Amino acid sequence: MYKLVKPLFFSLDPETAHYTVTGGLKRFLKIWGSQKLMKASFSYENPALERTVFGIKFKNPVGLAAGFDKNAEFTQEMASLGFGFIEIGTVTPRPQPGNDKPRMFRLVKDSALINRMGFNNQGVDVAALRLKYFTERNGLIIGGNIGKNKTTLNEDAVHDYVICFDKLFEHVDYFVVNVSSPNTPGLRDLQEKEPLKRILNTLQQRNETHETPKPILLKIAPDLTDSQLDDIVEIVIDTNIAGVIATNTTIQREGLQSQTSLINEAGGVSGKPLAVRSTEVVRYLAEKSNHRFPIIGVGGIHSPADALAKLQAGASLVQIYTGLIYEGPQLVKHICKRLVQKK
Ligand SMILES: Cc1cc2nc3c(=O)[nH]c(=O)nc-3n(C[C@H](O)[C@H](O)[C@H](O)COP(=O)(O)O)c2cc1C
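What you are looking at is a predicted structure, and each value in this text was computed from that prediction instead of being measured. (Residues numbered from 1 in each chain as written. Predicted model: local features only at pLDDT ≥ 70, side-chain atom pairs only at ≥ 80, totals over all residues. Heavy atoms only, no water.)

A count of helical and extended segments in the chain gives 13 helices and 13 strands. For 343 residues, the compact-globule formula gives about 20 Å, and the C-alpha radius of gyration of the chain, at 19 Å, lands near that figure. Viewed in the frame of its principal axes, the chain has a C-alpha envelope of about 50 × 50 × 40 Å. In the chain, buried positions account for 59% of the 343 residues. (Helix = DSSP H or I, 4+ residues; strand = E, 2+ residues; numbered from the N terminus. Rg over C-alpha atoms; globule rule 2.2 N^0.38 Å. Buried < 20%, exposed > 50% of the residue type's maximum accessible area, 1.4 Å probe, protein only.)

Turning to helix H7 (residues 193–208), a few remarks are in order. Each turn of an α-helix holds 3.6 residues, which means side chains three or four residues apart point in the same direction. In a regular helix each residue adds 1.5 Å, so 16 residues correspond to 22 Å; H7 covers 22 Å between its end C-alpha atoms and thus fits that length. Here H7 has its buried residues at Leu196, Lys197, Ile199, Leu200, Leu203, Gln204 and Asn207. Viewed along the axis of H7, the buried residues span an arc of 165 degrees, placing them on a single side of the element. Structural note: H7 exposes Glu194 and Gln205 on the side pointing more than 90 degrees away from its buried face. If you follow the buried residues of H7, they end up packed against strand S7 (141–146), helix H6 (157–168), strand S8 (174–178), strand S9 (216–220) and helix H8 (226–239). (Expected span 1.5 Å × (residues − 1). Arc of directions from axis to C-beta. Contact = heavy atoms within 4.5 Å.)

With that settled, the discussion passes to the site of the ligand. In the region of the ligand, 24 residues are neighbours, and Ala66, Thr90, Gly271, Gly300 and Thr322 sit closest. Here an oxygen atom of the ligand and a side-chain polar atom of Asn178 are 3.1 Å apart. Taking Gly300, its main chain carries an N or O atom lying 2.8 Å from an oxygen atom of the ligand. Against a free-state accessible area of 610 Å², the protein chains account for coverage of 98% of the ligand. Broken down by secondary-structure element, the contributors of at least two residues to the shell around the ligand are strand S4 (85–91), strand S6 (112–115) and strand S11 (268–271). (Near = heavy atom within 4 Å. Polar contact = N/O pair within 3.5 Å; in protein donor to acceptor, adjacent residues only side chain to side chain. Areas by Shrake-Rupley, 256 points an atom, 1.4 Å probe, with all protein chains shown as cover.)

In space, the 3 strands of this open sheet follow the order S5-S6-S11, with antiparallel pairing throughout. Of all the strands in the sheet, just strand S5 (104–107) and S11 have a single pairing partner and so form its edges. In this sheet, adjacent strand axes meet at a mean angle of 25 degrees when their direction is disregarded. The pairing of S5 with S6 spans 4 bridges and is antiparallel. Residue Leu107 lies in a different strand from S6, and its bridge partner there is Ala112. (Pairing = 2+ DSSP bridges. Axes fitted to C-alpha atoms, helices over the stretch in contact; angles between N-to-C directions.)

With that settled, consider the packing of aromatic side chains. This model, assessed by the stated rule, comprises 11 aromatic pairs. On the basis of an interplanar angle of 65 degrees and a centroid distance of 5.2 Å, the ring pair of Phe68 and Tyr321 is categorised as edge-to-face. Taken as a pair, Phe68 in the loop between strand S3 (62–64) and helix H4 (75–79) and Tyr321 in the loop between strand S13 (317–320) and helix H12 (322–327) lie far apart in primary sequence, 253 residues in all. Among the residues examined, Tyr321 registers a relative accessible area of 19% and is labelled buried. The structure contains a cluster of three or more aromatic residues connected by ring pairs, namely Phe54, Phe58, Phe85 and Tyr174. Above the plane of the ring of Phe169 lies Lys214, whose end atom (NZ or CZ) is 4.6 Å from the centre. (Phe/Tyr/Trp six-rings, centres within 6.5 Å; stacked < 30°, edge-to-face > 60°. Lys NZ or Arg CZ within 6 Å of the ring centre and 35° of its normal.)

Glancing now at a nonpolar patch on the surface. Residues Phe28, Ile31 and Leu37 make up a contiguous nonpolar surface patch of roughly 270 Å² in combined accessible area. Counting through the fold element by element, Leu37 comes out in helix H3 (residues 34–42). Residue classification places Leu37 among the partly exposed positions, given a relative accessible area of 49%. (Patch = residues over 30% accessible without salt bridge, like charges linked within 9 Å, V, L, I, M, F, W, Y side chains within 5 Å. Salt bridge = Lys/Arg side-chain N within 4 Å of Asp/Glu carboxyl O.)

Moving on to the nonpolar core. Counting 101 residues, the largest nonpolar core has Phe54, Met78, Phe83, Tyr161, Leu168, Ile220 and Leu285 as its most contacted members. Top contributing element to this core by residue count: H6, with 7 residues. Apart from residues no more than four positions distant in its own chain, Phe83 is found in contact with Lys59, Asn60, Val62, Gly63, Leu64, Met78, Leu140, Ile320, Leu324 and Val332. Core analysis: the next-biggest nonpolar cluster, separate from the first, contains 8 residues, Leu107, Leu256, Leu262 and Val269 among them. (Core = buried A, V, L, I, M, F, W, Y, C linked by side-chain atoms within 4.5 Å.)

Before going further, it helps to examine the side chain of Arg137. Of note, Arg137 is situated in the loop between helix H5 (124–132) and S7. A distance of 3.0 Å separates a polar side-chain atom of Arg137 from the backbone oxygen of Phe134. Residues within four places of Arg137 in sequence aside, it is in contact with Leu131, Ile142, His171 and Asp173.

Each neighbour pair has its own omega, and for Gly89 with Thr90 the value is 10 degrees, a cis peptide bond. Inspection of the secondary structure puts Thr90 in strand S4. The omega torsion across Ala246 and Thr247 is 10 degrees, close enough to zero to call that bond cis. Within the secondary structure, Thr247 is located in the loop between strand S10 (243–246) and helix H9 (260–263). A positive phi angle, close to 50 degrees, is found at Ser111, a residue other than glycine.

This is the structure:
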């Protein structure tokens, strides 16, 4: 089915296609009986898929990666595609438009995307309000991915993370501190030891003032060196956060087959070219830390075998974004089925 409609979507510019599909899905799900139909088509439930990770029970280990549902606008619709969890965001304290369009490009020959969205989002208040009214969650786990506004200086970044944390606290199950997007100038400098410790320690202190603290994870770039990854392991353990999401998009362009004009677009590469490196990062972190904290593996999962590779490398859960665009929504069910067969 997806093979039939994919050429139509791919004839649109990627951002237009995104809103055409998500908007269409929203309208479709208002039709009587459509939810049942979606469930029958895309959901795959089996007790063997259930996982308890950082104290949270997931009905299956396949999640939607951050960036797809930045404003918690399509959370229910995306859940209908069978995901075990959905990560909304990245949200920032104030709304911001992001970079000028076009800012998302398809590298079809590479089954990849380049994006330089730049945290376009409607602000944390809008996301929090939408989540507040999304009450029929049926076991769906929702993560809140938080960032800083473009105009906030790095030395003040901690305040932005705290604002987003406080405003989303009642509405999400776990948090992700995003310091790894290549599209907010200087953001990735926050992956350095001192600024990162400051942000994570501040959030943890805040977290502990709540009766039931929420898991906080750190999302990292695939472009970190081994010694920077060693620092990450140390920081995760020292700050006692719940885990790591590996990885965000890459600034590497090596081995890409698409035309040079596309490859030279600024931004982060996602999809197939990222698969090997992100799995390498998962494995490195898992081994170096002696599996002391859970890892969510993300990057270039386009098939059940890709998901298995991340899990075998040490991930407890996986997420997808670009694979959904190239392979279609059946990918979630295919992965789940394969995981059950594997048991
Ligand atoms: C268009 C686009 C927007 C994204 N926006 C975000 C974001 O706002 N926050 C974030 O943490 N990651 C963002 N990502 C990164 C994804 O969550 C994911 O880490 C990355 O794309 C690798 O996974 P994939 O190969 O399955 O796409 C974005 C990715 C894409 C393609």
